[in-house]
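# Understanding the architecture of this molecule
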Amino acid sequence: MSRLVLAIGDLHIPDRAPDIPAKFRKLLAPGKIGQILCLGNLTDKETWDFLRGVCADIQIVKGDFDVEATTVPLHKVVTHGNLRIGFTHGHTIVPQGDSDSLLIEARKLDCDVLLWGGTHKFEAYELEGKFFVNPGSATGAISSGWWAEGEDPVPSFVLMDVQGSVLVMYVYQLRKDAKGNESVAVEKITYRKETNGS
């Protein structure tokens, strides 16, 4: 049985962003998502309450700005189908976002898929049979050190559908055209866990 899993993080409300964009809030309707994996930097109770309204099963890890979340772990692992999905905010990965360091973390957590945050920028790739995903910042919160000059953060989140050893991921990004009109772009990416004999 499959269920949709939402990967979301780096919200930084209200410090760096006013709210989750309205077009995203509309998509995140109750009853459609089976579990939420929050990669930290939730930072406000109202957003927690909103996410709890979307889905009661929220798994969360601590981000570097979740200063009041003293009992929240730095990383977790959940299992969906035949896949072990590890997740962490990413501020404990040194150097942050480095593919070799992420591979070491995935091995330590013994996971097939590693979700990480901290860069506020969507990224997905395979390395040595493992799948790495950064869902970006759902609010498009500003961040230092990760953007080219003149480049703005693109709000994004990821929905995952796991069936057996296959993860189908839908990347939602809020894009603006030249006139400033917003639209949600969706990209589909598939990962298949390598198994012996396949």
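Below or above, wherever it landed, is the structure these notes cover. (Residues numbered from 1 in each chain as written. Predicted model: local features only at pLDDT ≥ 70, side-chain atom pairs only at ≥ 80, totals over all residues. Heavy atoms only, no water.)

## Considering the layout of surface pockets
Convention followed: Using protein atoms alone on a 1 Å grid, points that fit a 1.4 Å probe yet trap it form a cavity, whereas open point sets bounded by protein on both sides within 12 Å along at least five of seven lines form a pocket; residues with an atom within 4 Å of a point count as lining. Grid points are joined across faces, edges and corners, and a volume is the space filled by probe spheres set on the points. Only Asp, Glu, Lys and Arg are considered charged, only Ala, Val, Leu, Ile, Met, Phe, Trp, Tyr, Cys and Pro nonpolar, and every remaining residue, Gly among them, polar.
Size it by volume and the largest pocket reaches roughly 360 Å³. The wall of the largest pocket is formed by 16 residues, among which Leu42, Thr43, Asp44, Asp66 and Ala69 lie closest to the centre. Classifying every residue of the lining of the largest pocket by side-chain character gives nine nonpolar, one polar and six charged. Around the second largest pocket sit Pro21, Thr139, Gly140, Asp152, Pro153, Val154, Pro155, Leu174, Arg175, Lys176 and Glu182, which together line it. Its residues placed into classes, the lining of the second largest pocket shows five nonpolar, two polar and four charged.

## Let's talk about the side chain of Ser165
Let me state the cut-off plainly: Labels follow the DSSP assignment, with helices taken as runs of H or I lasting at least four residues and strands as runs of E lasting at least two, numbered in each case from the N terminus. By the convention used here, residues are in contact when the closest approach between their heavy atoms is within 4.5 Å.
Relative to the helices and strands, Ser165 resides in the loop between β9 (156-163) and β10 (166-176). Leaving out residues up to four positions away in the same chain, Ser165 has contacts with Asn82, Leu83, Tyr191, Arg192, Lys193 and Thr195.

## A short note on the sheet that holds β9
As a reminder of what qualifies: At least two bridges found by DSSP between two strands are what make those strands a pair. Here, axes are lines fitted to C-alpha atoms. For helices the fit covers the stretch in contact, and angles between N-to-C directions go from 0 to 180 degrees.
Taken in spatial order, the six strands of this open sheet run β3-β2-β1-β9-β10-β11, and their pairing is mixed. At either end of the open sheet lies a strand with only one pairing partner, and these are β3 (58-60) and β11 (182-192). Pairs of neighbouring strands in the sheet enclose a mean axial angle of 20°, with direction left out of account. Two strands pair when backbone bridges link them, and β9 and β10 are joined in this way by eight bridges, in the antiparallel orientation. Bridge pairing links Asp161 to Val168 in β10. The strands touched by helix α2 (residues 45-54) are β1 (4-8), β2 (35-38) and β3; relative to β3, the strand with the most contacts, the crossing angle is about 140°.

## Topic: the sheet that holds strand β5 (residues 83-88)
Pairing in this open sheet of five strands is mixed, and the strands run β4-β5-β6-β8-β7 from one edge to the other. The sheet terminates laterally at β4 (75-80) and β7 (123-127), the two strands that pair on one side only. The mean inter-strand angle of the sheet, taken between neighbouring strand axes irrespective of direction, is 20°. Across five bridges, β7 lies against strand β8 (residues 130-134) in antiparallel orientation. Pairing of Glu123 across the sheet is with Asn134, part of β8. Its contacts with the sheet put helix α3 (residues 99-109) on β4, β5, β6 (113-116), β7 and β8, and the angle it makes with β8 is roughly 115°.

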